Amino acid sequence: MTSLLVELQTEELPPKALKKLSEAFAQNLTKSLASQHFLEEGSQTTVYGSPRRLAALVTGVLAKSPDEAFKQKLVPVKVGLDADGNPTPALEKKMKALGIVADVKSLKRVNDGKNEQLFYEGIRPGVELVHGLQTALDAAAFNLPIPKVMHYQLADGTTTVSFVRPAKHLVALYGEDVVPVTLLGLKADRLTSGHRFHTHELISLRSADGYEDQMMTEAKVMPSFAKRREKIVHDVVEGARAIGGEAIMPEDLIDEVTALTEWPVIYQSSFEEEFLKVPQECLILTMQQNQKYFAVQDEKGRLMNRFFLVSQLEAKDGGVEISAGNARVVRARLADAKFFYDQDRLQTLESRIPLLKNVVYHNKLGTQAERVERVKAIAAKVADLIGANREEAVRAAQLAKVDLLTQMVGEFPELQGIMGEYYALHDGESKDVALAIREHYQPRFAGDALPSTPVSLAVALADKLETLSGLFGIGQMPTGDKDPFALRRHALGVLRMLIEKRLNVAITDLVDIGYEAMKSVANIQDARSELLAFFEDRIRVMFKDKGYSAQEVDAVLATHPTMVLDVPARLEAVRAFAQLPEAEALAAANKRIGNIIKKSAPQTDVVDAALFDSEAEKALYAALCEAEPRAKADYEACRYTELLKSLAPMKAPVDRFFEDVMVNVEDAQVRANRLALLLRLHRTMNMVAELSRLAK
């Protein structure tokens, strides 16, 4: 099996995009080669990506694609042949355009159901790898997820090309041989650049399979993104463990640092302990964002005055100068953070409240000060609903946005809420108020922690309800994949809090509270029905993602449950019901009953037993009278599984009813009575979920 190596060596690629770029480059290349039938069975692709190169190694590549039988549709027989069976100009033109040379008598006639068509059957000869690779290379390069295209001139001084970064060298090796392809004005050869500082001459690559080893030993480049990442994580974790700590390593930071270095070397450095008086979130964010350092915490989660940095240099002094230089740099950064923190504490949060009038929230929804008043009103009512301290919820809502005016949050917007808690505690606010300021943004993303106290929950719900009610009220709903205000995330946050914190609150009540608070806004529209539908759609997505089928979710949501807390229990009940032997028949009967009711629209559910004239009617009514009180009791006690399972005995009388009884008889009184019986049966069966949605 012969391997193919393609490497495009460039100027420094954007680090946050490198992983996606390298993966897409290799995938596009492989996909195109496969579509052209150049890959043997079992062929594998290795992805390479470093700060200055995108590369892929593909095993099992053919030197020439196989000959391929093909069938080409030409034109209808009546268009392609004249009365004497000779080719018409239309057929000749079509064949010439397709490059087909053949006797018209050799063409096949195939009826496609409408017309008799002329087809040509032949053998398409395989092509040499150089042609297939050129096609694949163009596809690989020009279908990349490039965040921002750069335009630059080639060496001729006249030709302008566009790519993510200027390309320097193109390598294309099939085994040990160069494949003469071109890209971005470059002709392929076997030369590439090595490490920017550890090497000075171009590296001549000997073979495709030896690429990674040669780059490691001669070029001082570790081309595999995955292996560089693994090395960085291992070395930092072990380094932190050696000093009795644990490295703080966010996934995004690991990826970015991996994309910034092609020969990772880990060094340890430190800063003065006096900076540990600053909230550790500030210090960590400063080190991560500004310097790409990995902070270290002790076994109790307290920040240590040590950190690890990733360099590209194997320093002769073991990194002493590099560590010292980085210590000087981080000292200046941390001094800035300390200055912001000290200055911010000279003013209380409360003293800054009037300044919110100068901050525009939305041109149709007013200032942050006006928004805070609305959040306060919602928080007060929500606190009453969930049993939280009303006064503390209102106080937290009043202070929740004030830290946006501080220097620290101005420098690091990611710290909003976090700094608010620190400043609130410094000002003497209660712990619950301070914590609610921090937690009212939660959950910020899928899987994020929820607010931990009733006061925090009240403010978090209020904040999200105000956002949803306001933006829906001015017509700023999400459309398609566009959701600039993250309203889907806000709605999912509300739903998660209701379900996971077991808040027995109706979503309709929350939407009403939000709308009431928004009435003070000029020209606000009543969008409650649209918002409720939006919540319902989010519930549908949420539980499909949890593994429930579309049928199960639709069955539950068809009843429009207002208590979101009940939805998981209803879904489990539907799933248990579906396992019953009687389930399929009952679901089908329920669907039939629903169609009858929809068509006939009964005016009452009052049943007169004296009007029954068949044993089937009497049996069904008796079974319903026995099931109804038990179903109502189960429903009120939220015993949804028990309720649906109790419907199983209804199968026999329901089946018998439809076998022996005609509903739409001429006697209006009898017909109305039978419709009333079915209406009551339908309501009882659909208390938990609309069972007809389960019918096959």
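Use the structure listed above.
Per-chain numbering applies: the sequence of each chain, read as written, is numbered from 1 onward. Predicted model: local features are reported for residues with pLDDT of at least 70 only, side-chain atom pairs are reported and counted for 80 or more only, and whole-chain, interface and lining totals are derived from all residues. Derived side-chain values reflect all non-hydrogen atoms in the structure, with water molecules and hydrogen atoms excluded from consideration.

Asks: How would you sum up the packing of helix α6 (residues 225-242) against helix α7 (residues 251-260)? Please name residues and give values.
Replies: Axis separation between α6 and α7 bottoms out at 9 Å; the angle between their running directions is 115 degrees. Here α6 runs over α7; the crossing is right-handed. Within the contact between the two elements, α6 uses F225, R228, R229, I232 and V233 and α7 uses E251, I254, D255, V257, T258 and A259. Ten residues, namely Ala, Val, Leu, Ile, Met, Phe, Trp, Tyr, Cys and Pro, are considered nonpolar, four, namely Asp, Glu, Lys and Arg, are considered charged, and the remaining ones, Gly among them, are considered polar. Class assignment of the residues belonging to the contact of α6 with α7 gives a composition of six nonpolar, one polar and four charged. Angular values range over 0 to 180 degrees, each being the angle between N-to-C directions of two axes fitted as lines to C-alpha atoms, with helices fitted over their stretch in contact. Starting at the N terminus, helices and strands are each numbered in turn, a helix being any DSSP run of H or I of at least four residues and a strand any DSSP run of E of at least two. Rotating anticlockwise by less than a right angle from the far helix to the near helix defines a left-handed crossing, while the corresponding clockwise rotation defines a right-handed one. The contact criterion used is simple: two residues touch if any of their non-hydrogen atoms lie within 4.5 Å.

Asks: Can you lay out the sheet that holds strand β6 (residues 116-124) for me, pointing to particular residues and giving the numbers?
Replies: Following DSSP output, two strands are said to pair if at least two bridges run between them. The three strands are arranged β4-β6-β5 in an open sheet whose pairing can be described as antiparallel. Of all strands in the sheet, those with a lone pairing partner are β4 (68-76) and β5 (108-111), marking the two edges. Taking each pair of neighbouring strands and ignoring which way they run, the sheet shows an average axis angle of 40 degrees. Of the pairings in the sheet, the one linking β4 to β6 comprises seven bridges and is antiparallel in character. From the neighbouring strand, Q72 faces β6, where its bridge partner is Y120. This element, helix α3 (residues 89-98), spans β4 and β6 of the sheet and lies at about 150 degrees to β4.

Asks: Could you give an account of the pairing of strand β9 (residues 167-174), naming the residues involved and the relevant values?
Replies: Relative accessibility thresholds used throughout: buried, under 20% of the residue-type maximum; exposed, over 50%; partly exposed, between the two (1.4 Å probe, protein chains only). By the criterion of burial, β9 is predominantly enclosed, with seven of the eight residues buried. The sheet contact formed by β9 and strand β10 (residues 177-178) spans two bridges and is antiparallel. Considered in β10, the bridge of Y174 is made with D177. The hairpin turn running from β9 into β10, its antiparallel successor, is two residues long, and G175 in that turn takes a positive phi close to 70 degrees.

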